Amino acid sequence: MTDLLAAAAGAALVFAATNLDDIVVLTVLFVAARGTGRPRPRHIVAGQYLGIGALVAAAVVVAAGLLVVPDPWTGLLGLLPIGLGVRALLAREDDDSPPAVVSGLLGVAGVTIANGADNIAVYVPVFRALTPAAGLVYLLVFAALVATWCAAAALLGGHPRVVRLVGRAGHWLVPAVFVAIGVVILVGSGVLGHLAELLT
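Residues numbered from 1 in each chain as written. Predicted model: local features only at pLDDT ≥ 70, side-chain atom pairs only at ≥ 80, totals over all residues. Heavy atoms only, no water.

J.: How should the nonpolar core be read in this particular structure?
T.: Generally speaking, nonpolar side chains in soluble globular proteins are found buried as a group. Within the largest apolar cluster, 40 residues are counted, with the highest numbers of intra-cluster contacts made by Phe 15, Leu 29, Ile 44, Tyr 123, Phe 127, Tyr 138 and Phe 142. Secondary structure elements with two or more residues in this core: α1 (2–19), α2 (22–36), α3 (41–63), α5 (105–115), α6 (119–129), α7 (132–157) and α8 (160–189). A per-element tally of this core places α7 first, with 10 residues. Contact partners of Phe 127, with chain neighbours within four places excluded, come to Val 56, Ala 59, Val 60, Ala 63, Gly 135, Tyr 138, Leu 139 and Phe 142. (Core = buried A, V, L, I, M, F, W, Y, C linked by side-chain atoms within 4.5 Å. Buried < 20%, exposed > 50% of the residue type's maximum accessible area, 1.4 Å probe, protein only. Helix = DSSP H or I, 4+ residues; strand = E, 2+ residues; numbered from the N terminus. Contact = heavy atoms within 4.5 Å.)

J.: Just checking my understanding: could you explain α3 for this structure?
T.: What sets the pattern is the α-helix's 3.6 residues per turn: residues three or four places apart point alike. Between its first and last C-alpha atoms α3 spans 33 Å; for 23 residues at 1.5 Å apiece the expected length is 33 Å, and the two agree. Regarding α3, the residues found buried are Ile 44, Gly 47, Gln 48, Gly 51, Ile 52, Leu 55, Val 56, Ala 59, Val 62 and Ala 63. The inward-facing, buried residues of α3 abut α1, α2, α5, α6 and α7. A positive phi of about 80° marks Gly 65, the residue just after α3. (Expected span 1.5 Å × (residues − 1).)

J.: Which parts of the structure should I look at to understand the environment of Gly 65?
T.: Looking at the element boundaries, Gly 65 is found in the loop between α3 and α4 (79–90). Note on Gly 65: relative accessible area 57%, which makes it exposed. Put simply, Gly 65 and Arg 128 are 63 residues apart on the chain and 9.1 Å apart in space, counted from C-alpha to C-alpha.

Shown next as C-alpha cells:
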C-alpha cells in the first residue's frame, strides 16, 4: 500500500512538473470558447485527454524499447502552435472576441501533443523504471489530473479579470501565446541547432 501511495505522489509530481504550461493553453482555449463558441468545452477536455494519452502511449512504447524517437526532431512539433498562432494573427475579425486558434477536438489534441512533446523525454525513464502496478497508478493519477487541469483552466477562463484581459487584447494575445509556446518548444528541443549543423 505504501508503494502505491508513493507511486501516486510521484505521478502527481511528474504530471505537474511537465504540464504546468498546459494551464495557460487550456485557459486561453476556454476563454476563446466563451467568446466564440469554438472550440467547444467538451472538445477541449476530450482533446486534452487524447493529447496526453498519445504522449503517455508514445512514452510507454519508447520505454519498452519498441520505438526510437530521435530527441531533437520532436521539437519540430513546435511549428504547429506557431502556425496556428500566425494564422489567427492574420485573420481579421470585427468583433472583440478572442480568435478561435483551434476549433475542434483534433486541433486541441494536436496543440497538447506539440506542447508536450518534450514530456516524452521525462516520461520514458520514469515508465521504464516502474513496475506494472505502479505504472497503472501513474496512468490513473494522470487521468485524474487531466480532469483537474481542465477544471482549473475552465475556472480561470471564466474569471472576470481574465475574460476582460483577453477581451481587450484577445486578437493578438491568444495567437501570441501559441506562437510563444511554439518558439519555446523549438528552442528548448535543440532542433534549430541540429538543423544548423546539417546545413553547414
